[in-house]
Amino acid sequence: MNDTLINQPAGEDRPRQMYVLEETGFKEVPKKFRRFYRKWGGPSDTLAPNEVLCPVCKIVIRSLQELRVGDKVYCMPCMSRLIVQEEGGRLVARVNY
Amino acid sequence: MTNFLSGYSIQKWLESCPQGYLEDTVYGHEAGEKEPEGLFDNELLREGQIRSTCNLVLGERAALAASSGLVNCAPDYKSKTFLATQTLDEARHVEIFTQRLFDLGVSPADLEDTLNEFGNPHLVKFAEVLLEKVDKGDFVAGVVGQNIVLEGMAFSVFEMLHAGAQEDNPKFAHTLSGTIADERRHVGFGENRIGALIKQYPEKKAECERMQAEMSGHMLATFASAFKEGEASNEEARRLQKEQGKESHAMYHGVDLAQADTAEMEAVLADTVLKEFKTRLGRIGLEYQSPIAA
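Rules behind the numbers
Residues numbered from 1 in each chain as written. Chains lettered and ligands numbered in written order. Predicted model: local features only at pLDDT ≥ 70, side-chain atom pairs only at ≥ 80, totals over all residues. Heavy atoms only, no water. Pairing = 2+ DSSP bridges. Helix = DSSP H or I, 4+ residues; strand = E, 2+ residues; numbered from the N terminus. Core = buried A, V, L, I, M, F, W, Y, C linked by side-chain atoms within 4.5 Å. Buried < 20%, exposed > 50% of the residue type's maximum accessible area, 1.4 Å probe, protein only. Contact = heavy atoms within 4.5 Å. Salt bridge = Lys/Arg side-chain N within 4 Å of Asp/Glu carboxyl O. Buried area = accessible area lost by both parts, 1.4 Å probe. pLDDT = per-residue confidence, 0-100.

Novice: Hey, could you run me through the pairing of strand S6 (residues 80-87) of chain A in this one?
Specialist: Residues and elements named next belong to chain A. Summarising the sheet, strand S5 (residues 72-75) and S6 pair through four bridges and their orientation is antiparallel. Residue pairing across strands places Tyr74 opposite Arg81, the latter belonging to S6. Adjacent in sequence and paired antiparallel, S5 and S6 are bridged by four residues, among which Met79 carries a positive phi angle near 60°. Bridge analysis of S6 against strand S7 (residues 90-95) gives six bridges, and the strand direction is antiparallel. Each bridged residue has a counterpart across the sheet, and for Glu87 the counterpart in S7 is Arg90. Joining the antiparallel neighbours S6 and S7 is a turn of two residues, in which Gly88 adopts a positive phi near 60°.

Novice: Before we go on, may I ask you to explain the nonpolar core in this structure?
Specialist: Counting 81 residues, the largest nonpolar core has Tyr37 of chain A together with Phe139, Met153, Phe223 and Phe277 of chain B as the members making the most contacts within it. The element that contributes the greatest number of residues to this core is helix H6 (residues 139-165) of chain B, accounting for 12 residues. Residues within four places of Phe223 of chain B in sequence aside, it is in contact with Met153, Val157, Glu266, Leu269, Ala270 and Val273 of chain B. Leu115, Phe118, Ala165 and Ala173 of chain B belong to the second largest nonpolar core, which has 23 residues in total.

Novice: Just checking my understanding: could you explain the pattern of salt bridges for this structure?
Specialist: For side chains bearing opposite charge, pairing can occur when the charged atoms are close. Per the stated rule, a full pass over the model turns up 33 salt bridges over all chains. Among the salt bridges present, the one from Glu276 of chain B reaches Lys58 of chain A, with a minimum N-O distance of 3.2 Å. In this pair, Glu276 of chain B sits in helix H10 (residues 262-283) while Lys58 of chain A sits in the loop between strand S3 (51-53) and strand S4 (59-62), so the two residues belong to two different chains. Residue class for Lys58 of chain A comes out partly exposed when judged on its relative accessible area of 24%.

Novice: Got a minute to help me understand the side chain of His29 of chain B in this structure?
Specialist: Residues and elements named next belong to chain B. Here His29 shows up in strand S2 (residues 29-30). Judged by its relative accessible area of 7%, His29 is buried. Those residues in contact with His29 that lie beyond four places of it in its chain are Asp24, Lys171, His174 and Thr175.

Novice: Just to check I follow, could you spell out the interface of chain A and chain B for this structure?
Specialist: Often the size quoted for an interface is simply the accessible area lost on bringing the parts together. Each partner contributes residues to the interface: chain A has 21 residues there, and chain B has 29 residues. Summed over both partners, the interface of chain A with chain B buries about 2100 Å², with 54% contributed by carbon and sulfur atoms. Three residues stand out in chain A for area buried against chain B, namely Met79, Arg81 and Tyr97 of chain A, and they jointly supply 37% of the buried area on that side. One can count three salt bridges joining chain A with chain B. Measuring nitrogen to oxygen at the nearest pair gives 2.6 Å for the salt bridge that ties Arg184 of chain B to Glu28 of chain A.

Novice: Please clarify how the confidence of the model for chain B should be interpreted in this entry.
Specialist: The predicted coordinates should not be examined in detail at positions where pLDDT is low. For chain B, the mean per-residue pLDDT works out to 94, and 99% of the residues sit at or above 70. Two numbers describe this predicted complex: its pTM, 0.93, and its ipTM, 0.88.

Novice: Just checking my understanding: could you explain the pairing of S4 of chain A for this structure?
Specialist: Where a strand is regular, its side chains alternate between the two sheet faces. All names here are of chain A. Burial along S4 is two-sided: Ile59 and Ile61 and Val60 and Arg62, pointing in opposite directions, are all buried. Pairing analysis gives three bridges linking strand S2 (residues 37-39) to S4, with the strands arranged antiparallel. Residue Tyr37 lies in a different strand from S4, and its bridge partner there is Ile61. One ladder, built from three bridges, connects S3 with S4; its direction is antiparallel. Residue pairing across strands places Glu51 opposite Arg62, the latter belonging to S4. In sequence, S3 turns back onto S4 through a hairpin of five residues, with Lys58 there showing a positive phi of about 65°.

The structure is reproduced here in structure tokens:
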């Protein structure tokens, strides 16, 4: 896995903002993947455009790219595969059973 | 997108857990960490910790029995593999919480008597509802009971205990951190596996919902008696903090655990767990049922 963003919709017309990820102290996955996740600080925690909250295990998933509706992301701490959707103007993740 | 089951392997579990967040831990905490000295000078405080740890051991023994039982009734090898790793996780939890009882001064010879004395009878009934499904080889109901209901409850209880221990007892907080990380995988398996299976077996819905209502009832009764029995110990901890001029603010879902009374703490925990049940069950296609009074 090179990014938590494992699949994105085809045919995008504008480029995505790229991000450099640094360690956040999250240790619940193997070392090489730790920068892709961080602990959630509760409802007051504002997520960046490259972040989405896993609804299953409440860990913030971080991508090297800006996330958009329709993206498929992977949450390694709970091993869920998720689809990014919009809800009330915010990006949320839904489990892809 | 490949099937979520492809993520379940012993190799991945080894890299995440024993070679990952559990590396260099001793019974789940950092080497050399000890229970706070003050616990051993105050019998009320020590007994309160023994009581709550006994219930952690009993809960984890139930999870061990359930996850190991589910290995044999799992319909595919990837699920069996995951449940085998979960079985080892649960056995580890039993061991680390049992070790905590020893660290708190319970002798190995007195372990079973101590568990019988302090174990919550409602928690035993909660486990019996689940284990009945597992004994019948009912995989769908067993995973809902184990990985959604039991693990969902454990996840919130551990988070609350972790919030309370972070400042005053780093050893216990570290022990809990590893178990919380394990619970994330367990609830993840529950949602992902059952989310797919419930579509295949819609006739199982009513039975699973009934079981959730029954288990939730026993869970609420467990919380009620556990918080009542822990009241004196909590009050004593606060009295000592005040006497020593210490001020702590352990926050859990907006409630200051260092200031809240036991009724408030019980309410926030019960509310958090039930809301989570409702959301999780809704996601996998089950309808949350109000708890059946125990």
